[in-house]
Amino acid sequence: MAGVRLNSISKVYEGGVVAVKDVNLNVADKEFVVLVGPSGCGKTTTLRMIAGLEEISSGELYIGDQLVNNAAPKDRDIAMVFQNYALYPHMTVYENMAFGLKLRKYSKPEIDARVKEAAEILGITEYLGRKPKALSGGQRQRVALGRAIVRKPKVFLFDEPLSNLDAKMRVQMRAEISKLHQRLGATMIYVTHDQVEGMTMGDRIVVMKDGIVQQIDSPLNLYHSPVNKFVAGFIGSPAMNFFEGYIQRNGKLYFNEINGGIRLEIPESLGSKLSSFLGKNVYLGVRPEHISISDAHHGDLDSTATLRVEISEPMGNEVYLYFESGTTQIVARVTTPVDPKPGSELKMYFDTTRAQFFNKENENSIPLN
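Residues numbered from 1 in each chain as written. Predicted model: local features only at pLDDT ≥ 70, side-chain atom pairs only at ≥ 80, totals over all residues. Heavy atoms only, no water.

Glancing now at unusual backbone geometry. That bond from Ser237 to Pro238 is cis: its omega, -5°, falls within 30 degrees of zero. Residue position: Pro238 is located in the loop between helix 8 (229-234) and strand 11 (241-250). Despite not being glycine, Lys105 has its phi angle at roughly 65°, a positive value. Relative to the helices and strands, Lys105 resides in the loop between helix 2 (93-103) and helix 3 (108-122). Of note, the phi angle at Lys152 is positive, near 50°, even though the residue is not glycine. (Helix = DSSP H or I, 4+ residues; strand = E, 2+ residues; numbered from the N terminus.)

Next comes the structure, spelled out in structure tokens:
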């Protein structure tokens, strides 16, 4: 196995269209790194440059200690798993998994041993004689994984490999790939638009927007300490609620929403951190799980608001409640066993001790630690 290092990697297409700009990333040996971001953010282009399927416009790419900017894909010792499986329909599972090894002139006993070992790891031994059309989507993806495993490459690359699977199978395959990473001790770089996949699978996550890396960090650090409003809104499901307003001191410290009626008390412990923003417009961010139905156990902060329920979504052990405040959509994630009807009013508590604030001018996070 080997690490992967991107030094100021950029990709510019004809006409000056910048797809990826100045990406610096050091993937350690045996690390699982996930690239996430909305469609068109440059994550797949970055992966394809690592694979050698896209030419690098500028910067340096190393796999291990080798500079591979001009190396052909076959010479980079990587294996790529695609979204559409890319299996040969006329070949059996065994033949699909063995094909790359045959091209590299491996002996028949070596090919047989590697294919059977990978099939055993993935639980597809009984399907080796079948053709892809006789397999389910999850089974086909296991075959695609097996074809990569038999290569024993330095680096595994995944390009949204679970997008074509149903919700239940995606959850199962997420766990399978995570277990595979632990078992193989492999270096893996994984691209997805699904931040839940990134949060559950990656040792570190790279969040991208418009071809630019916004933040590289562990899942929990991204969740609790996003560097800007974009990262805060992208990581987490349902997404963070944002309110535009200003901070005011009126005896106590308050946040006043501009386009709605929400007025929330802010803990006095944050006063020194927010003092330079008094009277200035900021964004307040509150995650859905930090908004709850008010009761007597929420402490002394005056951070409640009476809101009208727009939609109620029962999710089993919790309920998603949707409200409006002015032009702002609000979602709360509550575990209280309630199912209020649309149009009913609830007094909701906003836990401002866990709130995050963002500079209105540049949308960067305001440090509170």
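Text resumes after the structure shown.
Per the stated rule, a full pass over the model turns up seven aromatic pairs. Each ring, one from Phe156 and one from Phe158, has its centre 6.5 Å from the other, and the planes form 20°; the classification is stacked. Ring centres of Phe230 and Phe234 lie 5.9 Å apart, and the angle between their planes is 20°; on these two criteria the pair is classed as stacked. Residue Phe230 and its partner Phe234 are located together in helix 8, separated by four residues, close to a single helical turn. (Phe/Tyr/Trp six-rings, centres within 6.5 Å; stacked < 30°, edge-to-face > 60°.)

With that settled, consider the sheet that holds strand 12 (residues 252-257). Strands belonging to one sheet form pairs held by backbone hydrogen bonds; the direction of such a pair is parallel or antiparallel. Spatial strand order, 13-12-11-14-20: five strands in an open sheet with antiparallel pairing. Only two strands of the sheet have a single neighbouring strand rather than two, namely strand 13 (263-266) and strand 20 (356-359). This sheet shows a mean twist of 40° between the axes of neighbouring strands, independent of strand direction. Sheet topology places strand 14 (residues 281-286) next to strand 20; four bridges connect them, and they run antiparallel. Counterpart to Tyr283 in the pairing with strand 20 is Phe358. (Pairing = 2+ DSSP bridges. Axes fitted to C-alpha atoms, helices over the stretch in contact; angles between N-to-C directions.)

Okay, the pairing of strand 3 (residues 32-36) next. With five of its five residues buried, strand 3 lies for the most part within the structure. Neither face of strand 3 is exposed, since Phe32, Val34 and Val36 on one face and Val33 and Leu35 on the opposite face are all buried. Note that strand 3 and strand 8 (residues 187-192) share five bridges and pair parallel. Each bridged residue has a counterpart across the sheet, and for Val34 the counterpart in strand 8 is Tyr190. In terms of strand pairing, strand 3 meets strand 9 (residues 204-209) through four bridges, oriented parallel. Of the residues in strand 9, the one forming a bridge with Val33 is Arg204. (Buried < 20%, exposed > 50% of the residue type's maximum accessible area, 1.4 Å probe, protein only.)

Across all of its chains, the model carries 15 salt bridges by this definition. Here Arg204 and Glu31 are joined by a salt bridge, their closest N and O atoms 2.6 Å apart. Of this pair, Arg204 sits in strand 9 while Glu31 sits in the loop between strand 2 (17-27) and strand 3; the two residues are 173 residues apart in sequence, bridging distant segments of the chain. With a relative accessible area of 23%, Arg204 lands in the partly exposed category. You can call Glu31 buried: its relative accessible area is 12%. (Salt bridge = Lys/Arg side-chain N within 4 Å of Asp/Glu carboxyl O.)

Here helix 2 has its buried residues at Val93, Asn96, Met97, Ala98, Gly100 and Leu101. Contact partners of the buried residues in helix 2: helix 3 and helix 4 (137-149). Remark: Lys105 follows helix 2 within two positions and exhibits a positive phi of approximately 65°. (Contact = heavy atoms within 4.5 Å.)

If you trace the five strands from one edge of the open sheet to the other, you get 15-19-16-17-18, paired in antiparallel fashion. Since the sheet does not close on itself, it has two edges, and those belong to strand 15 (291-293) and strand 18 (328-334), each with one partner. Each strand of the sheet is rotated relative to its neighbour by a mean of 50°, with strand direction disregarded. Sheet topology places strand 16 (residues 304-314) next to strand 19 (residues 345-350); five bridges connect them, and they run antiparallel. Within strand 19, the position partnered with Leu307 by the bridge is Leu346.

Met97, Ile124, Leu145, Phe158, Ile177, Tyr190 and Val207 are the most contacted members of the largest nonpolar core, which totals 47 residues. Tallying contributions element by element places helix 3 first for this core, with six residues. Among all residues touching Ile124, those that are not within four sequence positions of it are Val93, Met97, Ala119, Arg142 and Val143. The next biggest cluster of nonpolar side chains, apart from the first, holds 31 residues, and it includes Leu284, Val286, Val319 and Leu368. (Core = buried A, V, L, I, M, F, W, Y, C linked by side-chain atoms within 4.5 Å.)

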